[in-house]
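So the chains spell out like this:
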Amino acid sequence: MKDCFALRFNLQKSGIKMMDNSELFANLFNEKDIFIKECLDQYNNFLSEAADEILKDYDINRLKTVTRDKKILFMGDSITSDRLSFGKIAAEVLPCSVTDCAVSGSRAINVAADINSCMETYKPNIVSVLIGTNDAIYTDKSSVYTATSPKEYARNLKIIAERVSDFGALLILNSIPPVFVSRFNETNPNWSAKKETNDIFNDIIYNLSVELGFVYNDFRTIFSTWEVEKLFEPDGIHLSPFAHKQLARKFVKILLENL
C-alpha cells in the first residue's frame, strides 16, 4: 500500500473534516499530487475490503435491524483519527450514522473539554472513547513522570463518562493499546515508555467501567494474539492497518453484544 504517514492522521476537530483535496495535501506534505491521490484511493480500498471481510461474520439484515436509528460518536486521539483506524472500518461495516470527533495528539483532558459540545451537536446513542496513549507516555528518559498523572487521568476519564451518562448514551470505554516499547524507545530520543505504565492506565479504565457500569472493551487481547511486528508502524506507537482491522472486528462484536 502506498502511504503518506502524515496524511493518515486527520486535519479535523470535533467532527469538522477537511475535503480530500489532493493538491492541498500534496503541498502540505511535500508530495506529488498523483501520489496523494493514489494514497487516498488505496486507503478507501483498504477500508472497504476490511469491512467486507468483517461483514462475512454477520447477517446483514440482522445488523441493520440491531443498529437501526443508532448514532455512534468516536472520541480519542490519533489511534482513532487515523484514516485507516478501527473506527473508520467500523463506519463502513455498520449501517448507521457514525461521527469521528477524534483529534490527533489529544489527551483525556481534551476529550473531557470537547465531550459536551460533541454530544449536543451530534446527539449520539453510543459513544466510543479510546484515550490515554498520550497521557501515559513518559515525559523524559528518566521514566519518572508520565505526561499526565494517573490521578488526573482518572479524574478526566470520569468527567467524560459522567457527561455521556448525562445524555443517556451507551458508553464503550476501550483499553489503551500497548506500545511496542523497544521500537518506541529506540526511535524517540526524548521520550520513554514502559509496559507497566500502560497497565496502570488500563487498570483505571477497567475499574471506572466496573464502578460506573459502562461497557469495557479490552483491545489488548489482540496484541497477545498476533506478532508484534505486524501490529505497529515504525514509530512503535501508531497501529498498522492490519492491527486496526483486528480492533474493528473486536469493536463491532462488543458493540452488537451490548445493543
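Refer to the structure above for everything that follows.
Let us look at the structure shown here. (Residues numbered from 1 in each chain as written. Predicted model: local features only at pLDDT ≥ 70, side-chain atom pairs only at ≥ 80, totals over all residues. Heavy atoms only, no water.)

## A closer look at the environment of Lys158
Here's step 1: Looking at where Lys158 falls in the secondary structure, it is placed in helix H9 (residues 150–166).
Here's step 2: Considered as a pair, Lys158 and Leu208 are 50 residues apart in the sequence and their alpha carbons are 7.3 Å apart.
Here's step 3: Those residues in contact with Lys158, other than ones at most four positions away along the chain, are Leu208, Glu211 and Leu212. (Helix = DSSP H or I, 4+ residues; strand = E, 2+ residues; numbered from the N terminus. Contact = heavy atoms within 4.5 Å.)

## As for the pattern of salt bridges
Here's step 1: As enumerated under the stated definition, the model contains 14 salt bridges in all.
Here's step 2: For the salt bridge of Arg220 with Asp199, the shortest nitrogen-to-oxygen distance reads 3.7 Å. Here the residue Arg220 occupies a position in helix H12 (residues 220–223), and Asp199 occupies one in helix H11 (residues 195–212), the gap between them amounting to 21 residues.
Here's step 3: One salt bridge connects Arg220 with Asp218, and the closest N-O pair in it is separated by 3.1 Å.
Here's step 4: A relative accessible area of 21% places Asp218 in the partly exposed class. (Salt bridge = Lys/Arg side-chain N within 4 Å of Asp/Glu carboxyl O. Buried < 20%, exposed > 50% of the residue type's maximum accessible area, 1.4 Å probe, protein only.)

## Some words on the pairing of strand S1 (residues 71–76)
Here's step 1: Burial runs high along S1: five of the six residues are buried.
Here's step 2: Taken together, the four bridges between S1 and strand S2 (residues 97–100) define a ladder with parallel strand orientation. Paired with Leu73 across the strands is Thr99, a residue of S2.
Here's step 3: Where S1 lies against strand S3 (residues 126–130), five bridges are found, and the strand directions are parallel. What sits directly across from Ile72, in S3, is Ile126. (Pairing = 2+ DSSP bridges.)

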